[in-house]
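Fold and geometry: a report
Residues per chain, in single letters:
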Amino acid sequence: MAGGSILHINVVGFMSELEESLERSLRGRPFVVANEGAPRASVLDLSPAAHREGIRRGMLLSQARYLLPGLEAKPPRPELYRQAEERLVRLGLEYTPLVEAAGAGHLFIDLAGTCRLYGPPVDATQRLGARIREELGLSPTLALASSKTASKVASRVFRPSGFVALSPREEGSLVRRQPAALLPGVGPVLLGRFSLLGIDAIGDIADLSEAEALAIGPRGRELVARARCIDASPVDPEPAERRAASGALVFEPDTTDPEVLRLRLGALVAELAFGLRKEGLGCRRARVGLSYTDGISASGTARSGRLLSRDDEILGLALTALGQARGRRVRVRRLRLELSELRSAGPELDLFEPEDLRLSRLQAALDKIHGRFGASAIEPCALLGIRA
């Protein structure tokens, strides 16, 4: 039976692989990529040898060196990683315009309709893999399936450096047998919940009823569908940085109270930022548009030099944009917020500035509560007073 046309490319340890390709003496040795000079520096990436020693991504560098004294830390090189990502995308674009960048070292490519030019997807995939190894010095895992979910799970199973082409019948069987942690969208919070429910494999998720899926949380149905390899999401060639998250609110009654504007904007920021974090994204740009009672509109824009992910960070950016937009003492009727210049918000956030770990943990705890009980489960007391 013919395989699928959705290819997932997974370069495991993207940063460390690039470092090894440029410095051959690192091959086979334990090392990490970390901003050694930063307070509470954390491991951004690591070599396979370091992983075998018990070191993990996100671990504090001091803890990693406690486990492995003398561990070498290579400073991160964001420009090098960016150029390699761009080259990876360009290689994919030589085969089809349907190329989706999905984070550092990850690509989805839809090879449907390319047979006349490049042969069956299996042949095109193998040629592309050879070019990645030759031109970038990277050893990617390549997985072909009929959907993004199946190809991504398969690339996690056959990593590092493996290749697999699955038929629709094979992919369902393979995906069902894998640990629940390999299903896209399942993180530490859900894993803990699944453990309490005795759910260990993706097949256990696939067997959940409609009511049980709803009990998991807001994305329960989506996860069950993915576990059953039901995924019609297309390969999206539009870069995340060109997309935007936006929302609007109407003030009833119209207001000039700066505290009301700040609190309502904060609630809107929390809603949009939560949606971005669920997709693994952060933003660098905020635009606030105001519509006044007399029909006149104004807007303001603010941009951050680094990627922002937490509510408090994005709110600070949005308040700067609001300050630029507010140049009149007329009542505001409507406010619109747009967050743009989106990018993957993984460990790359720490390349420029280390996050405040306390605030990051607080944000993760709030997201857990909002994901389970809804956005209104926890709100600022002042906002409740405004709505009363």
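The preceding data block contains the structure.
Note that the structure is predicted; figures quoted are calculated from it, not measured.

1. Section: the packing of helix α7 (residues 148-157) against helix α8 (residues 168-176)
Interhelical geometry of α7 versus α8 gives an angle of 60° and a closest axis separation of 10 Å. Here α8 runs oblique to α7, going by the angle between their axes. Note that α7 runs across α8; the crossing there is left-handed. In this structure, α7 contributes Ala150, Val153, Ala154 and Val157 to the contact, and α8 contributes Glu171, Leu174 and Val175. Across the contact of α7 with α8, the residue classes break down as six nonpolar, no polar and one charged.

2. Points about the sheet that holds strand β5 (residues 99-101)
Across the sheet, which stays open at both edges, the five strands sit in the order β5-β6-β1-β7-β8 with mixed pairing between neighbours. One side of each edge strand has no neighbouring strand; the edge strands of this open sheet are β5 and β8 (163-165). Along the sheet, successive strands turn relative to each other by an average axial angle of 15°, direction set aside. When strand β1 (residues 6-10) meets strand β6 (residues 106-110), the two strands line up antiparallel, connected through five bridges. Among the inter-strand pairings, Asn10 is bridged to a residue of β6, identified as His106. Contacts from helix α4 (residues 78-93) reach β5 and β6, with the element oriented near 165° to β5.

What counts, and at which threshold
Residues numbered from 1 in each chain as written. Predicted model: local features only at pLDDT ≥ 70, side-chain atom pairs only at ≥ 80, totals over all residues. Heavy atoms only, no water. Axes fitted to C-alpha atoms, helices over the stretch in contact; angles between N-to-C directions. Helix = DSSP H or I, 4+ residues; strand = E, 2+ residues; numbered from the N terminus. Parallel < 35°, antiparallel > 145°, perpendicular 65-115°, else oblique. Left-handed = near helix turned anticlockwise from the far one by under 90°. Contact = heavy atoms within 4.5 Å. Nonpolar A, V, L, I, M, F, W, Y, C, P; charged D, E, K, R; others polar. Pairing = 2+ DSSP bridges.

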